[in-house]
Amino acid sequence: MQETILILDFGSQYTQLIARRLRELNVYCEIHPWNKIPFIGADIRGVILSGSPFSVRDENSPRPDLTAIKGKLPLLGICFGAQYLSHHYGGEVLPSKTREYGRAKLSFVDHGSALMKHVKAHSQVWMSHGDTIKRIPENYRLICSTEDVEYAGYEINGEKSFAIQFHPEVYHSEFGTQILKNFVVDVCNCSQNWTPDSFIDVTIANLRKQLGTDKVIMALSGGVDSSVAATLLHKAIGQNLYCIFVDNGLLRKNEFDLVLDSYRTMGLNVKGVNAKDIFYNALKEEKDPEKKRKIIGAKFIDIFDREANLVKDVKWLGQGTIYPDVIESVSATGGPSATIKSHHNVGGLPDFMKLQVVEPLRLLFKDEVRRVGRALEISETIIGRHPFPGPGLGIRILGDITEEKVRILQEVDYIFIKGLKEAGLYDDVWQAGAILLPVQSVGVMGDERTYENAVALRAVSSTDGMTADWCHLPYEFLAKISNEIINNVKGINRVTYDISSKPPATIEWE
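Residues numbered from 1 in each chain as written. Predicted model: local features only at pLDDT ≥ 70, side-chain atom pairs only at ≥ 80, totals over all residues. Heavy atoms only, no water.

### With respect to the overall build of the chain
Looking only at helices and strands, one finds 13 helices and 18 strands in the chain. On C-alpha atoms alone, the chain measures out to a radius of gyration of 26 Å, which is about the 24 Å that the 2.2 N^0.38 rule sets for 510 residues. Here the C-alpha coordinates of the chain stretch approximately 85 × 60 × 40 Å along the principal axes. When each of the 510 residues of the chain is scored for burial, the buried share is 55%. (Helix = DSSP H or I, 4+ residues; strand = E, 2+ residues; numbered from the N terminus. Rg over C-alpha atoms; globule rule 2.2 N^0.38 Å. Buried < 20%, exposed > 50% of the residue type's maximum accessible area, 1.4 Å probe, protein only.)

Encoded structure:
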């Protein structure tokens, strides 16, 4: 039985951060919509109520049924959760005179409270709310304050129930991790046994039980998610896992052969399919970015379906879906639950394939996938690989796609990525690549004028891809790479560097 902390989501932008912080403490947790509370069994050691964009005073604000939780299990309300536990049980919540957002200092801390152990007074916390608690019910006790917020935190007498108006999950709260640890370890008595090794053992055992002697087919991309998922499935069912790696002609230079060799070295039962010409012909003269994506996705489905039909009696489709994709598909306001986003459904596989889905990583965040991959001793070349778009270089060639344009961009990309690795910069960058621009510029090479293509180099830092900053790569490095590209890639005479952040730009250009 896996010890679990249940996180009830009220739609906060920070809910995933709560889960990530608990996982970093080696405590397993699950996020569920506030109106779809699962059965409270013996495995649930405590419950956390998240923040929300709603006001507790709104008629349409979330109102969870806490009958099976409050006073029976350890409970922690954060922001909206704290205001809800006050407002709906006899306290008072009113609009703040000034919006309480950003950094604040704790002016009072009750170290006698189990939640506030080892939390220093005058330490920084992060506020993000428009309402504030003006009065708490009679059986509630104040445990911390800031200069502007008297009831920054409280606990309920006679219960293991606590609440704080600030966000401990946010990096800016100095003792936030300590507060969460106090709750899940000291109050909920979690043993902190959620580790990559324990996940691997439990997952392989569950896969063997779930799949038995059934056959599973899975598309591999060369990325970390599909590679780790395939390795877990391989350890569970061996040669009954049939992997397909498609070369759509839009991969990086030499990537098809290198990745295929890596997979075979790992012992995976993998078939490489060279489908370059099929994709190039389908994409001929198409310039619209969305249409290019759809063509690439549709052709992949055709090829994958053709290859899948060559394997008899397949019952399961393996996928590298990870937890953020599952969470994002569940509405905190009552929408459909557990619908996998189309881009993780291998480009949106059609119903006619009639396969059940198996997703070994659906409970893991990206950083946990990497930890599991390293515990499985998968090559660092795969585990540390930058994210790469599903349509590959197809959306890094602006305008129509030709085999010659792919060749040019592959050479440019190869020089850029190789240079980052040799300079020790690759691991400092979250994602990097080159974009072939649909413009030509005048240049001079020797005594001759040229009129050739321009490329843009792109390198960003990020944690999840939702926001990203452009990387401040050294000028000397950029000069060296620019010179190497222009001297070695026929067809390029100008190199630019993209210094746009997301937002307002996106990471990719298309």
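After presenting the structure, the write-up continues.
### Some words on the packing of helix H12 (residues 403-422) against helix H13 (residues 475-488)
Where H12 meets H13, the axes come as close as 10 Å, and the angle between the chain directions of the two elements is 150°. Classified by the angle between their axes, H12 and H13 sit roughly antiparallel to one another. As H12 packs across H13, the resulting crossing turns out to be right-handed. Contacts between H12 and H13 involve Val412, Ile415, Phe416, Gly419 and Leu420 on the former and, on the latter, Phe477, Ile481, Glu484, Ile485 and Asn488. Partitioning the contact of H12 with H13 into residue classes produces 7 nonpolar, 2 polar and 1 charged. (Axes fitted to C-alpha atoms, helices over the stretch in contact; angles between N-to-C directions. Parallel < 35°, antiparallel > 145°, perpendicular 65-115°, else oblique. Left-handed = near helix turned anticlockwise from the far one by under 90°. Contact = heavy atoms within 4.5 Å. Nonpolar A, V, L, I, M, F, W, Y, C, P; charged D, E, K, R; others polar.)

### Here we look at empty space enclosed by the protein
Vacant regions in the atomic arrangement are exposed by a probe of water-molecule size rolled over the atoms. What the rule picks out here adds up to 5 cavities of 30 Å³ or more. Taken as a whole, the largest cavity spans an internal volume of roughly 50 Å³. Contributions of two or more residues to the lining of the largest cavity are made by helix H4 (196-211) and helix H10 (366-375). Along the lines of polarity and charge, the residues of the lining of the largest cavity split into 5 nonpolar, 1 polar and 2 charged. (1 Å grid on protein atoms, 1.4 Å probe; cavity = no way out; pocket = protein on both sides within 12 Å on 5 of 7 lines; lining within 4 Å. Points joined across faces, edges and corners; volume = space filled by probe spheres on them.)

### Remarks on the confidence of the model for the chain
For the chain, the mean per-residue pLDDT works out to 89, and 92% of the residues sit at or above 70. Low pLDDT, under 50, characterises residues 331-348; the stretch is placed with 46 contacts to residues that sit more than four places away or in other chains. (pLDDT = per-residue confidence, 0-100.)

### A short note on the pairing of strand S8 (residues 153-156)
Alternating positions in S8 separate into two faces, Gly153 and Glu155 on one and Tyr154 and Ile156 on the other, with burial throughout. Note that strand S7 (residues 140-146) and S8 share 4 bridges and pair antiparallel. The residue of S8 that forms the bridge with Leu142 is Tyr154. Between the end of S8 and the start of strand S9 (residues 161-164), which pair antiparallel, lie 4 residues, with Gly158 showing a positive phi angle near 80°. (Pairing = 2+ DSSP bridges.)

### Examining the sheet that holds strand S11 (residues 241-247)
Pairing is parallel across the open sheet formed by 5 strands, whose spatial order is S12-S11-S10-S13-S14. Both edges of this open sheet fall to strand S12 (270-274) and strand S14 (356-358), since each of them pairs with a single strand only. Within the sheet, the average angular offset between the axes of one strand and its neighbour, ignoring direction, is 30°. Judged from the 5 bridges that link them, S11 and S12 form a sheet pairing that is parallel. By the bridge assignment, Phe245 is partnered in S12 with Gly272.

### Comments concerning the nonpolar core
Phe416, Leu420, Leu457, Leu473, Ile485 and Ile492 are the most contacted members of the largest nonpolar core, which has 49 residues in total. Examining the composition of this core, we find that 8 residues originate from one element, H12, more than from any other. Those residues in contact with Ile485 that sit more than four places away from it in its chain are Val412, Ile415, Leu457, Ile492 and Val495. (Core = buried A, V, L, I, M, F, W, Y, C linked by side-chain atoms within 4.5 Å.)

### Topic: unusual backbone geometry
Omega for the bond connecting Lys502 with Pro503 falls within 30 degrees of zero, at -15°, which places this linkage in the cis form. For Pro503, the location among the structural elements is in the segment after strand S18 (492-497). In the segment running from Pro503 into Pro504, the intervening peptide bond is cis, with an omega of 10°. Positionally, Pro504 belongs in the segment after S18. Not every positive phi belongs to a glycine, and Cys79 is a case in point at roughly 55°. On the basis of relative accessibility, which here comes to 5%, the residue Cys79 falls in the buried class.

### Quick look at the packing of aromatic side chains
Inspection of the entire model under this criterion finds 11 aromatic pairs. Pairing Phe10 with Phe80 gives two aromatic rings, centres 5.1 Å apart and planes at 45°, and the pair type is tilted. Here the residue Phe10 occupies a position in the loop between strand S1 (4-9) and helix H1 (15-24), and Phe80 occupies one in helix H2 (residues 80-87), the gap between them amounting to 70 residues. Judged by its relative accessible area of 1%, Phe10 falls in the buried class. The exposure class assigned to Phe80 is buried, which follows from its relative accessible area of 1%. These aromatic residues form a ring-pair network of at least three members: Phe10, Trp34, Phe80 and Tyr84. (Phe/Tyr/Trp six-rings, centres within 6.5 Å; stacked < 30°, edge-to-face > 60°.)

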